[in-house]
Amino acid sequence: MDYPMEPFKIKVVEAIPRTTREERRAAIEKSGYNLFNIPAEKVTIDLLTDSGTSAMSDNQWAGLMVGDESYAGSRNYYRFEETVREIFGYPHVIPAHQGRVAENLLFSTMVKEGDSVPNNIHFDTTRANIEHNRGRAVDCVIDEGLDPRADHPFKGNMDLGKLERTIREVGRERVPLCLLTITNNSGGGQPVSLENIRATRALLDRYGIPLYFDACRFAENCYFIKKREPGCADRDLHSIAREIFSYGDGCTMSAKKDGLVNIGGFLCTKDPALAEKITNLLILVEGFPTYGGLAGRDLEAIARGLREVLHEDYLEYRIAQVRFLGDLLDREGVPILKPVGGHAVYLDARAFLPRVPQSRFPAQALACELYVEGGIRTVEIGSLMFGHKDPKTGKDVYPELEMVRLAIPRRVYTTAHMEYTAETIRSVFRRRDTIRGLDLVHEAPVLRHFTARLRPVSAGEEKRS
Ligand SMILES: *Cc1c(COP(=O)(O)O)cnc(C)c1O
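From a predicted model like this one, the values you see are computed outputs, not experimental measurements. (Residues numbered from 1 in each chain as written. Predicted model: local features only at pLDDT ≥ 70, side-chain atom pairs only at ≥ 80, totals over all residues. Heavy atoms only, no water.)

Surveying the vicinity of the ligand reveals 14 residues, the closest of which are Arg100, Asp214, Arg217, Ser254 and Lys257. Arginine 217 places a polar side-chain atom, nitrogen or oxygen, 2.9 Å from an oxygen atom of the ligand. A distance of 2.7 Å separates an oxygen atom of the ligand from a polar side-chain atom of serine 254. In the complex, 97% of the free accessible area of the ligand, which totals 380 Å², lies under the protein chains. Per element, the largest residue contribution to the shell around the ligand is 3 residues, and it comes from helix H4 (residues 99-110). Looking at the shell around the ligand residue by residue, the classes come out as 2 nonpolar, 6 polar and 6 charged. (Near = heavy atom within 4 Å. Polar contact = N/O pair within 3.5 Å; in protein donor to acceptor, adjacent residues only side chain to side chain. Areas by Shrake-Rupley, 256 points an atom, 1.4 Å probe, with all protein chains shown as cover. Helix = DSSP H or I, 4+ residues; strand = E, 2+ residues; numbered from the N terminus. Nonpolar A, V, L, I, M, F, W, Y, C, P; charged D, E, K, R; others polar.)

A few words now on the nonpolar core. Where a protein is soluble and globular, its nonpolar side chains tend to be buried together. One finds Phe88, Phe213, Phe218, Ile244, Phe245 and Leu347 to be the most contacted residues of the largest nonpolar core, which totals 108 residues. The element that contributes the greatest number of residues to this core is helix H12 (residues 312-331), accounting for 10 residues. Of the residues that make up this core, three or more belong to each of domain 1 (21-50 + 311-457) and domain 2 (58-308). Residues in contact with phenylalanine 218, not counting those within four places in the same chain, are Ile87, Phe88, Ile182, Phe245, Met253, Asp258, Leu306, Val309 and Leu310. In terms of nonpolar packing, the next biggest core, distinct from the first, is built from 19 residues, Ala96, Val111, Tyr212 and Leu282 among them. (Core = buried A, V, L, I, M, F, W, Y, C linked by side-chain atoms within 4.5 Å. Buried < 20%, exposed > 50% of the residue type's maximum accessible area, 1.4 Å probe, protein only. Domains from an automatic or database assignment. Contact = heavy atoms within 4.5 Å.)

Let us look at the domain arrangement of the protein. The domains assigned to the protein are domain 1 (21-50 + 311-457) and domain 2 (58-308). Across the domain 1/domain 2 interface, buried area totals approximately 2100 Å², and carbon plus sulfur atoms make up 51% of it. Of all residues in domain 1, Leu315, Pro339 and Arg410 bury the most surface against domain 2, accounting for 25% of the area lost on that side. Joining domain 1 to domain 2, the criterion identifies 7 salt bridges. Ionic pairing is found between arginine 410 and glutamate 220, a salt bridge with its closest N-O pair at 3.1 Å. Across the domain 1-domain 2 interface, the total number found is 14 residue pairs in polar contact (both at pLDDT 80 or more). Looking at the side of domain 1 that touches domain 2, the elements that each hand over two or more residues are H12 and strand E9 (344-348). A total of 6 residues in the side of domain 1 that touches domain 2 trace back to one element, the largest contributor, which is H12. A class-by-class count of the residues in the side of domain 1 that touches domain 2 yields 9 nonpolar, 4 polar and 9 charged. (Buried area = accessible area lost by both parts, 1.4 Å probe. Salt bridge = Lys/Arg side-chain N within 4 Å of Asp/Glu carboxyl O.)

What follows deals with the pattern of salt bridges. Counted by the stated rule, this structure contains 35 salt bridges. A salt bridge links glutamate 300 to arginine 79, with the shortest nitrogen-to-oxygen separation between them at 3.0 Å. Of this pair, glutamate 300 sits in helix H11 (residues 296-308) while arginine 79 sits in helix H3 (residues 75-88); the two residues are 221 residues apart in sequence, bridging distant segments of the chain. Under the relative-accessibility criterion, glutamate 300 is labelled buried at 2%. Classification of arginine 79 by relative accessible area gives partly exposed; the value is 34%. The salt bridge partner of glutamate 443 is arginine 448, with a shortest N-O separation of 2.9 Å. A relative accessible area of 11% means that arginine 448 is categorised as buried. Counted as one network, the salt bridges with shared partners bring together Asp50, Arg217, Glu220, Asp258, Arg318 and Arg410.

In structure tokens:
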């Protein structure tokens, strides 16, 4: 069997909305061909994101009932702190209500104007928080990590040559810290190897630069190491996690991913002086250090989620489910990015719709078709999200990759849901020659994909494009 059975049974169910094609057509038109504007109650399978969309276990729900909502010193905080220390190994644990707050606290404390911060690939909130502090976010992933078809077991690895060049160019004193995102979300959820983490640490040691992990999907990364890295097959996942984090000075974490909760995050560090500065800032923007913007019950759910996420049965199922969907599509010739990463399958929209030029938003057009066909919501990562006008020439610039991401929420959908999703995509694939592009009607000056409105181009307009 190429798909292990779900390592859980279902105790509570939530009905899935079913809609007719006519209802979906009306909804997509009303949304301005933007899936962010579609009410969730009109979505059958929601693959918009894996963030904050996990199903909690009965054990986590039970944890909510023992939430201690004391302003200071809640017992759940101590359990949360103990769990994080045990898994991540850092002495200072600072709660926050989600990952980007942890980033904001870290960068506003460490990054000064003109500094550069390298990473394999910065996630959008990470980049934005560095740039907000007038720093420069530099991507140093290996070349394979930028090639949708390159086969490499650890496509999230840091390119040590690029990293060292960045440090030399700007000077050690302008690099206050280096990050490593595990798994590499913006590069397709690709893992980083232990060997690469060790080598990155050794290089940074030569310059005395601290290393922080963007640890949102650390458990998925640990599982890939166990499966793919020589000498790791028999290792316990906790020991792999401990080794990874032993090479860092701290981490930022969105518990909305591998914390298996709907809200929460934290920041860890080894540095007591930094922890004190950040804690003072935390009190100003999030709350007292034993709750940091969360309820006591939320901290309990995170503590329990962090223990569950490292179960081998769970990770085997999790990674296999994502790969299963990828295999169903690949077998039928649907173009996807390979190898499949830890949390999502990506459709290659340029190969899927070769006749639609990037100026007509092929990935967005494809995402809209998937919704109309079967009520599946995905997200465009292509010319709508990243296309822009060159400030000097005024010409349109389009990104290299034009993708539709199918992010799989944790423990939410079953094998049959994956089969339904694949069948819907295959139906759209069979009639791909009938799909036309879209035109922008309205766009905001920044992050336009969230609020943009579009319309389908007519057959006549298409010929002229
Ligand atoms: C989601 C995410 C973040 C930000 O976390 P939020 O909880 O959404 O604020 C940061 N880095 C990576 C890699 C992420 O995937």
